[in-house]
Amino acid sequence: MAGYLLNRLWQSVVLLVIVSIIGFAVLNLTPGGPLSQFALTPGMTQEAMDRIAEQMGLNRPLPVQYLDWGWRLLQGDWGTSYRDGQPVLDVIGRHITATLLLMGTSTAFSIAIGTWIGIHGATRPYSIFDYTVTIGAMVALSIPTFWFGLVGIYIFTLELGWLPAGNMYTIGDGSVLDYLHHLIMPSLVLSLVNVAVWSRYMRTATLDVINQEFVKTARAKGLTERRVLMKHVVGNAMVPMITLAGMQLPSILGGALVTETVFTWPGMGRLFLDSLGYSDYPVVMGLLMVSAILVLLGSLIADLLVALVDPRIRVS
Amino acid sequence: MSALAIPAQTPWWRSRGVRRFARHRLAIIGLVMITLLTLACIVGPYLLPYDSLYIDLRARFAPPLTGYHFLGTDPLGRDVAARLLEAGRISLLVGFFAMLLSTMIGTLIGVVSGYYRGAVGATLMRIVDAFLSFPSIFLLLALAALLQPTPIMITIIIALTSWMEVARIVEAEVRSLRERDFVQASRMMGLSSAHIMFREILPNAMGPIIVAATLTVARAILLEAYVSFLGYGIQPPLPSWGNMLNGAQQYLSTAPWLAIIPGITITIAVTSFNFIGDGLRDALDVRSDHM
Amino acid sequence: MRMTDQKAKFAATRRQALKMLGITTAAGVFMPNLLGRPAFGATPPETPTGRIVVGFSQEPTVFNPLMPRIEVDDGVHFSLFDTLFRIAPDGSFTPGLATEVPSIENGGISEDGLEWRVKLRDDVKWHDGEAFTAEDVKYTLELIVNPNFRSWRTTGHTLVRDITVVSPTEITWKMESAFAPYLSFLADTFIVPEHILGAAEDPNTAPFNNAPVGTGPFKWGSRTAGDHVELIANTEYFGEGPYVERLIYKYIPDLTVLYTQFKSGDIDIIGSQYITPDNYEEAKTLPGKVITTVSTATVESIYLNMERPQFKDLAVRQAIYAAIDKQTIIDALYYGLPTPTETYMPQESAYFNPELPKQSYDVEKAKQLLDEAGWVAGAGGIREKDGVRLSFTNSTTSGNHLREQAQQFIQQSLAEVGIEMKISNLPPAVMWGEFWTQSQFDTAMVGVIFMIGADPDVTYRFHSEAIPAQGGRGANTGQYQNPEVDALLEEGGKTFDQEKRKAIYREVQAKIRADLPFLPLFQNMTVRGRDAGIEGVEPNINTRIDTWNTGSYYWAS
């Protein structure tokens, strides 16, 4: 187990290095830069711009900049944001809660609904319900998330006036109800795709389990269908779901970012876009690294959980 | 997706045959829809009374079914129907070529890393994992935000961020095939590695590749839409389904059709490809590990 | 930008002022109380009461006012800090931390303009209770030019020598050479506390930068990154106000949502970048809101890269200009809000030249100009001459919808004349990077504030030695060169007599209008909105942001 963990860890580190090199190269090899937003400032001269670039260390050779960044990272220094001079980790930390709130709510919701749909469909395979849901899931996977958000805003904000068009809370309110009110639309929009994914996987997993010998045995022992389902089928079908949860993390994160932009949700996606617009390289790099770490961590935890839940699987 | 679950006494309409037919019917619906859409995009612009680029500021924000503006006009008074079809050409082409390119990259990397295990294979697969471990939308946006956003560039960027799935599938396939007898035989015959990889093994892995490629078109169309929606994609005056949505948010209350029409079109196109991919998966009997 | 001689009277500059009025028109009904104080009725409360939420579409993130900053940062700085003197909406200077605005008349500036003496207030306290003194001013002026400090603009400050603190309320310095616009730069230089920033190990990363301490009407409260900044009334403030207890700058990254939240009352004042023109008609009908249109100093134009062979020929520039249907762009795309212009100078400025020839949309004239100049139709109907095709690319920030619409409209107009305009828009970080500063564009559609405060000096924009792409140190990115304009600009820098200056800068405008290095479209008009209960809001065309006098804001009870 320890050896396995060490191996996974080592692989993750290699991955992170590759991620950082790709990210750094992409960001720094392209034209433009963080000073471009001052180019139109009244009274701003090229002289001043050159001086600021020099002070920020922007005109050093790229490999030097990368090694400097990497060396500091190893010492726990993620750099400081070009935008507000704050440590990158603080900046990200202040936005990550909003994203996790959105992701968490939506994931909980979509797992609940998706699991139910999946099991319901698998126990009544090829019923009208099953067909509808299968087709529905495929259509849901095809709808652009941001557009679905726009349609949501059009109906529920502009036409009906029920839900706010964006933001996480109303200034001066900030009660739990207020948060929930703002959370409804973005989390439902984000759930759309996830429910589709979950229900399809759950359906397949449940179907796989239903046909196995031990389920037949349980049925033969005279247990009620409901008991068989709850005790034997669902439990076992959930195991691959854990792995899936780990695998789905990048796409849930990506989806959250998309949703954030439509609903001006102050999370990591918003921060990413703002930082890109500003060429705030330290923060962009930080976000790339943090999301990569989140994803790696997610799949690692999922693997460990599977091993814990299912004694038949031995990690090696 | 095991079919063994069906109890023996199922009525006829639940039989395996019907199920397959139903599945394929979806694929056929998808195929018909996408063919019609493509035809409309190719021929349509010639049949409509308006040019997609013709600006008429007196006719701005006309709602659908105003005169010959079947789908209304945009903020510059251009015909939405004409733009939608013109945009379809670009979006579909971007989707198609992004698929071609990403499938080629993915296949190449997948075959090589599956065939050469050891250091080469491991390194390549680590790179695949690295690309997979950040949300591709991050990478896509970072690239698009910093490069000249021409249709060709957008195609390349989308391909660069969506080849990993194919690489993984191909790698797994090749790894299992390389131990097969016919590969061993080829090796004994002294055929070159390149020959074995691309002439012997690859044809046997075509099924999963075709399925993955179809789904990649769907994905590429969605990605283009998203990047263009944020203003980093295809630039006006060239229309694309995504950039028709860019700015639509601003007119959501006054001209909702500007947001609704392109969105529905995107959904139809993507759904079609997903249906086709699903049907192909069944037809080619590919295991459905990957949706 | 070097000024050597100074014989004229500085006082004239101040007294006669640079009559720059932020023209304000009431929407719907006529409202007598739109500018500043109401004529009758509401008076500010005795103690700060209530809360005002100002919405910005960009996030203020820089709180050290000496570091590189954007408009919305200014917006917050004006509430937290003070300058030695402020610039009023009419272009005149009024005392801030200084007791009077230095001039040759009052002895604050020597006859040759080289020696400055500023007297300071003795009743000003920093937000932490420490007294404000001349040491703080000295520290500020020195920090700006400290090579280790990442400061913003240093223009003018680099000329300052021998700063001497005479007493806690008096400071003097010498200028290496006389520089008339320095007063304008000082009016935009916020003073920072020496006892805090000076004690920090590195002012670039001092804790101060995220918990600023100023002298302004509001104290730092808290910041929720990515969301809002909250300021609290400084009851010890030496100047007017503050009348509200809490002032919140809320960041809403989308203009549509910004407007929606203004409608719903979540924000009380819609700040930069205000209400989009397409919502103007609807906004006017909103109950309980005051909607005004306010002219800004931003001039929208098409910048030409004068080093491109197509644009070397004046006839081409004139033809392109004649082929642009300016009025239709303004009326249809911008809802008739902006004012067409022929120059870079805002019409509210005292230096504005009203006698420039008016452009008129005339396709036939455009064709005739090109025909006469020998540009004849070639392949694809595109005109050409001596192997140069009349084809170019136009670029702007991608995602700016109104500009993109205008671009496409102009593209269609130019095609009728046989000119091909391609559109290639770039993300902001790329567009305004080397692409812009090193003149790599053909043409660019851009909104520029040419003024520094109310000062008309445009040496850095139009002098031939200010071209970065040719090794210059300014911001003449269109690579415009005209020896006569150079001479006029140099003379204008040396001249301190208001009337003579006017003549010079009007001449500059006339020359530039004749040369057309950029094609002026219009001067921007913004649509601003606030809750009808808020008083004290006053636009100021000489500042980059509307929240320059938040100390005067109050809720009419």
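Residues numbered from 1 in each chain as written. Chains lettered and ligands numbered in written order. Predicted model: local features only at pLDDT ≥ 70, side-chain atom pairs only at ≥ 80, totals over all residues.

The number of helices and strands found in chain B is eleven helices and zero strands. Secondary structure elements in chain B, listed N-terminal to C-terminal, are α-α-α-α-α-α-α-α-α-α-α. The buried share among the 291 residues of chain B stands at 53%. Partitioning the intrachain contacts of chain B with sequence separation of at least 6 by distance along the chain shows that 69% fall at a separation of at least 24. (Helix = DSSP H or I, 4+ residues; strand = E, 2+ residues; numbered from the N terminus. Buried ≥ 20, exposed ≤ 12 C-beta atoms within 10 Å, placed from the backbone. Contact = placed C-beta atoms within 7 Å.)

A tally of helices and strands in chain C yields 16 helices and 22 strands. Summarising its shape, the C-alpha atoms of chain C cover approximately 75 × 55 × 45 Å along the three principal directions. For chain C, restricting intrachain contacts to residue pairs at least 6 apart in sequence, the fraction spanning at least 24 positions comes to 71%.

Take the interface of chain A and chain B next. Taken together, the contact pairs 47 residues of chain A with 50 residues of chain B. Put simply, the parts of the chain that give the side of chain A that touches chain B at least two residues each are α1 (2–29), α5 (128–142), α6 (145–159), α7 (176–210), α9 (225–262), α10 (268–278) and α11 (281–309) of chain A.

Moving on: the interface of chain B and chain C. How big an interface is tends to be expressed through the accessible area that disappears when the partners come together. Taken together, the 18 residues of chain B in the interface contact 20 residues of chain C. Class assignment for the residues of the side of chain B that touches chain C results in eleven nonpolar, six polar and one charged. (Nonpolar A, V, L, I, M, F, W, Y, C, P; charged D, E, K, R; others polar.)

Quick look at the sheet that holds strand β5 (residues 115–119) of chain C now. The strands making up a sheet are joined through hydrogen bonds of the backbone, oriented either antiparallel or parallel. Residues and elements named next belong to chain C. In space, the three strands of this open sheet follow the order β5-β7-β6, with antiparallel pairing throughout. The open sheet is flanked by β5 and β6 (160–167), the only strands paired with a single partner. Geometrically, the sheet is characterised by an average inter-axis angle of 20° between neighbouring strands, direction not taken into account. Where β6 meets strand β7 (residues 170–175), five bridges bridge the pair, whose relative direction is antiparallel. Residue T164 lies in a different strand from β7, and its bridge partner there is T172. Of the strands in this sheet, β6 and β7 are in contact with helix α3 (residues 134–145), which crosses β6 at around 170°. (Pairing = 2+ DSSP bridges. Axes fitted to C-alpha atoms, helices over the stretch in contact; angles between N-to-C directions.)

Note on placement: V26(A) falls in helix α1. Given 18 C-beta atoms within 10 Å, V26(A) falls into the partly exposed group. Excluding residues that lie within four positions of it along the chain, V26(A) makes contacts with A142(B) and L143(B).

In this structure, V284(A), L140(B), L141(B), A144(B) and Y226(B) are the most contacted members of the largest nonpolar core, which totals 321 residues. Among the elements that take part in this core, α7(A) stands out by supplying 16 residues, more than any other. The residues contacting L141(B), other than those within four sequence positions of it, are L276(A), V227(B) and Y232(B). (Core = buried A, V, L, I, M, F, W, Y, C linked by C-beta atoms within 7 Å.)

Residue and element names in this part refer to chain C. The three strands lie next to each other as β14-β15-β16, forming an open sheet whose pairing is antiparallel. In this open sheet, the two edge strands, each paired with only one partner strand, are β14 (376–377) and β16 (388–389). Note: β14 against strand β15 (residues 383–385), two bridges, orientation antiparallel. Bridging across to β15, A377 finds its partner in R383.

Looking now at the pairing of strand β17 (residues 391–395) of chain C. All names here are of chain C. In the sheet, β17 pairs with strand β18 (residues 420–423) via four bridges, with the strands oriented parallel. When the bridges of β18 are listed, F392 appears paired with M421. Following the backbone out of β17, through helix α11 (residues 401–417) and into the adjacent parallel β18, one traces a crossover that is right-handed. (Right-handed = clockwise from strand over helix to strand, strands pointing away.)

Bringing helix α8 (residues 193–201) of chain B into the picture now. In an α-helix there are 3.6 residues to a turn, and that puts residues three or four apart on one side. Residues and elements named next belong to chain B. Within the sequence span of α8, burial applies to I196, M197 and I201. On an axial view of α8, the arc spanned by its buried residues comes to 95°, and they lie on one face. Away from its buried face, by an angle of more than 90 degrees, α8 presents the exposed residues A194 and R199. Elements in contact with the buried residues of α8: α2 (80–115), α6 (164–177) and α7 (181–188). (Arc of directions from axis to C-beta.)

Residue and element names in this part refer to chain C. The predicted model of chain C has a mean per-residue pLDDT of 87, with 93% of residues at 70 or higher. The lowest-confidence element of chain C is helix α1 (residues 10–15), averaging 36 in pLDDT; the highest-confidence one is helix α8 (residues 314–322), averaging 96. The low-confidence segment residues 1–40 (pLDDT under 50) makes 98 contacts with residues lying over four places distant or belonging to another chain. The complex model carries a pTM of 0.81, and its ipTM stands at 0.79. (pLDDT = per-residue confidence, 0-100.)

Moving on, we come to the environment of T47(C). In this structure, T47(C) sits in the loop between β1 (24–26) and β2 (51–56). Spatially, the C-alpha atom of T47(C) lies 57 Å from that of Q411(C), the residues being 364 residues apart in sequence.

Right, let's talk about unusual backbone geometry for a bit. All names here are of chain C. With an omega dihedral of -5°, the bond running from G241 to P242 counts as a cis peptide bond. Turning to its location among the elements, P242 is positioned in the loop between β9 (228–233) and β10 (246–251). The residue after S272, namely Q273, is reached through a cis peptide bond having omega 0°. By the secondary structure assignment, Q273 is in strand β11 (residues 269–275).

On to the packing of α2(B) against helix α9 (residues 206–229) of chain B. Residues and elements named next belong to chain B. Relative to each other, α2 and α9 sit at 135°, their axes nearing to 8 Å. With respect to α9, the element α2 is oriented oblique. For the crossing formed where α2 meets α9, the hand is right-handed. The segment α2 lies against α9, with S91, V94, G95, F96, A98, M99, S102, T103 and T107 engaging I209, A213, T216, V217, A220, I221 and E224. Taken together, the residues of the contact of α2 with α9 break down into nine nonpolar, six polar and one charged. (Parallel < 35°, antiparallel > 145°, perpendicular 65-115°, else oblique. Left-handed = near helix turned anticlockwise from the far one by under 90°.)

Turning our attention to the packing of helix α4 (residues 88–123) of chain A against α5(A). Residues and elements named next belong to chain A. It is at 8 Å that the axes of α4 and α5 come closest, and there the two elements cross at 135°. With respect to each other, α4 and α5 are oriented oblique. Crossing of α4 against α5: the hand is left-handed. Each of I117, H120 and G121 in α4 lies in contact with α5, whose residues at this interface are F129, D130 and V133. Among the residues forming the contact of α4 with α5, the class breakdown is three nonpolar, two polar and one charged.

Turning next to the confidence of the model for chain B. Caution is warranted with low-pLDDT regions, since their predicted coordinates should not be read in detail. Mean pLDDT over chain B works out to 82, with 89% of the residues at or above the 70 mark. Contacts of residues 1–8 of chain B to residues separated by more than four positions or lying in other chains number 14 contacts, the stretch itself having pLDDT below 50.

Take P253(C): it is sitting in the loop between β10 and α6 (255–264). Looking at P253(C), the number of C-beta atoms within 10 Å reads 22, which means it is buried. Measuring from C-alpha to C-alpha, the distance between P253(C) and E59(C) comes to 7.7 Å, with 194 residues separating the pair along the chain. For P253(C), the contacting residues outside a window of four places in its chain are T264(A), R270(A) and S57(C).

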